[in-house]
Amino acid sequence: MRKLSKVVAGALTMAMSAMLLAGCGDSTETSASSEAASTAASAETSSAAASAESASVDADVQAIIDRGVLRVGVKNAVVGFGFQDTLTGEYSGMEISIAEKIADELGVDIEFTTVTAATRGELLDSGDIDCVLATFTITDERRNSWDFSTPYYTDYVSVLVESASGITNLEGLVDKKVGVSSGSTSAKSLTSAMIDAGLIDGSGFDADTFDPALWTTGVSFQQYDDYPAISTALSAGEIDAFCVDKSILAIYNTDSRDYIEEKFSPQEYGVATKKGSGFSAYVEELITEWLADGTIDGFIAENNLD
Ligand code: GLU
């Protein structure tokens, strides 16, 4: 694939030369350029295949190649997924490795932007970033707003408490206040797990309209902008528990804290791209290939996530 981008660049150079010679350099359509490239390159037998390949490059993918930078939204405090060293500024984790490999395939540089559960969708919508690899759970509701690749990892939701609270399981969370991140799946997942366990009355629960701010039956929620704020609130006793995916909770599991016994609600992480973007299909092809050839398993193992 990396070869493809070089081929495309070469074909486009020829296309631009052909257009300049023909006095029509104002075309912005990649497919038109590729057709011109095809004509310009027709003298060489080997370039016929290259032209066919370049013609299939989507305009959204080409725009990233032309820019020379892939802009990716990632987490900065999820060990093994997206973690930024505060001293060096370097990012590491499996989501970072996948993002770097996508940039490598495109033959472009990479630029990371730290996102939160609340900001990642907006940044994708505004075009500030091209894709999100940030523990972003694929849900039907979210599929209405963004495209998601096939999942590259599955996590579960759990709950962290101060050990001194004596809470050890879902039952202990009845009538408690739980801290969650704005824009996350966590509150809905926990409420639904407590209903499934027969701990709270689920008659008023509707997964399509659930709002953490309004739910008060058997458990209530306080929403925060980011995870450090939830951790601070837990220490201060403002909330009784901290609920999110286990991958995210890990860094906040200090000596004075414990997970409850249960983990629930599988969270399938996918690469999110702008809805309808040609880049979505490009990413999907790569993720599927890397799931099949063991690349993703390698990243999972490297980051001790198996
Ligand atoms: N993975 C969950 C979600 O997408 C938890 C929130 C987060 O990723 O920060 O809602």
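Residues numbered from 1 in each chain as written. Predicted model: local features only at pLDDT ≥ 70, side-chain atom pairs only at ≥ 80, totals over all residues. Heavy atoms only, no water.

Novice: What is the right way to read the packing of helix α5 (residues 94-106) against helix α11 (residues 278-292) from this model?
Specialist: Taken N-terminus to C-terminus, the directions of α5 and α11 make an angle of 115 degrees; their axes are 11 Å apart at the nearest point. In this view, α5 runs roughly perpendicular relative to α11, as classed from their interaxial angle. Where α5 crosses over α11, the two elements pack in a sense that is right-handed. Residues Ile-98, Lys-101, Ile-102, Glu-105 and Leu-106 of α5 form the contact with α11, whose participating residues are Phe-279, Tyr-282, Val-283, Leu-286, Ile-287 and Trp-290. Its residues assigned to classes, the contact of α5 with α11 comprises nine nonpolar, no polar and two charged. (Axes fitted to C-alpha atoms, helices over the stretch in contact; angles between N-to-C directions. Helix = DSSP H or I, 4+ residues; strand = E, 2+ residues; numbered from the N terminus. Parallel < 35°, antiparallel > 145°, perpendicular 65-115°, else oblique. Left-handed = near helix turned anticlockwise from the far one by under 90°. Contact = heavy atoms within 4.5 Å. Nonpolar A, V, L, I, M, F, W, Y, C, P; charged D, E, K, R; others polar.)

Novice: Can you help me understand the sheet that holds strand β2 (residues 77-78) in this one?
Specialist: Strand pairs in the sheet, formed through backbone hydrogen bonds, run parallel or antiparallel to each other. Pairing within the open sheet is antiparallel, and its three strands lie in the order β2-β3-β4. The open sheet is flanked by β2 and β4 (91-92), the only strands paired with a single partner. Direction of pairing for strand β3 (residues 82-84) relative to β4: antiparallel, over a ladder of two bridges. Bridge pairing links Gln-84 to Tyr-91 in β4. (Pairing = 2+ DSSP bridges.)

Novice: Explanation requested: the site of the ligand in the structure shown.
Specialist: Residues in contact with the ligand amount to 16 residues; listed here are only the nearest, Lys-75, Thr-135, Thr-137, Tyr-227 and Asp-245. One of the side-chain nitrogen or oxygen atoms of Arg-120 is found 2.8 Å away from an oxygen atom of the ligand. A distance of 2.8 Å separates a nitrogen atom of the ligand from a polar atom in the side chain of Thr-137. Surface burial for the ligand is 100%, taken as the share of its 280 Å² of free accessible area covered by protein chains. A majority-of-atoms criterion places the ligand in the largest cavity. Among the secondary structure elements, those contributing two or more residues to the shell around the ligand are β11 (241-245) and β13 (264-269). Of the residues belonging to the shell around the ligand, the class tally is seven nonpolar, five polar and four charged. (Near = heavy atom within 4 Å. Polar contact = N/O pair within 3.5 Å; in protein donor to acceptor, adjacent residues only side chain to side chain. Areas by Shrake-Rupley, 256 points an atom, 1.4 Å probe, with all protein chains shown as cover. 1 Å grid on protein atoms, 1.4 Å probe; cavity = no way out; pocket = protein on both sides within 12 Å on 5 of 7 lines; lining within 4 Å. Sits in = over half its atoms within 2 Å of the grid points.)

Novice: Honestly, the packing of aromatic side chains in this entry has me stumped. Any pointers?
Specialist: Two measures describe an aromatic ring pair: the distance that separates the ring centres and the angle between the ring planes. If you walk through the whole model with that rule in mind, you get 13 aromatic pairs. Relative to Tyr-153, the ring of Phe-81 lies with its centre 5.0 Å away and its plane at 80 degrees, an arrangement referred to as edge-to-face. Residue Phe-81 is found in the loop between β2 and β3, and its partner Tyr-153 is found in strand β8 (residues 153-162); the two are separated by 72 residues along the sequence. In this structure, Phe-81 and Tyr-153 share a single accessibility class: buried. (Phe/Tyr/Trp six-rings, centres within 6.5 Å; stacked < 30°, edge-to-face > 60°. Buried < 20%, exposed > 50% of the residue type's maximum accessible area, 1.4 Å probe, protein only.)

Novice: How do you make sense of the sheet that holds strand β6 (residues 131-133) when you look at a structure like this?
Specialist: If you trace the five strands from one edge of the open sheet to the other, you get β5-β1-β6-β14-β7, paired in mixed fashion. Looking at strand neighbours, the two that pair on one side only are β5 (109-114) and β7 (146-148), the edges of this open sheet. Put simply, the sheet's adjacent strands are angled 30 degrees from each other on average, direction ignored. Pairing between strand β1 (residues 69-74) and β6: three bridges, direction parallel.

Novice: Please explain the nonpolar core as it appears in this structure.
Specialist: As a rule of thumb, nonpolar side chains are buried together in soluble globular proteins. Ranked by size, the top nonpolar core spans 48 residues in total, and within it Leu-70, Met-94, Ile-98, Leu-106 and Phe-279 carry the most contacts. For this core, the leading source of residues is α5, giving seven residues. Counting residues in each nonpolar core, the second largest holds 22 residues, with Val-161, Val-178, Phe-221 and Ile-260 among its members. (Core = buried A, V, L, I, M, F, W, Y, C linked by side-chain atoms within 4.5 Å.)

Novice: Is there a simple way to think about the side chain of Asp-130 in this case?
Specialist: Take Asp-130: it is sitting in the loop between α6 (120-125) and β6. Taking relative accessible area as the criterion, Asp-130 reaches 11% and is therefore assigned buried. Beyond its immediate sequence surroundings of up to four residues, Asp-130 is in contact with Ile-64, Arg-67, Val-69, Leu-70, Arg-71, Leu-124, Ala-272, Thr-273, Lys-274 and Phe-279.

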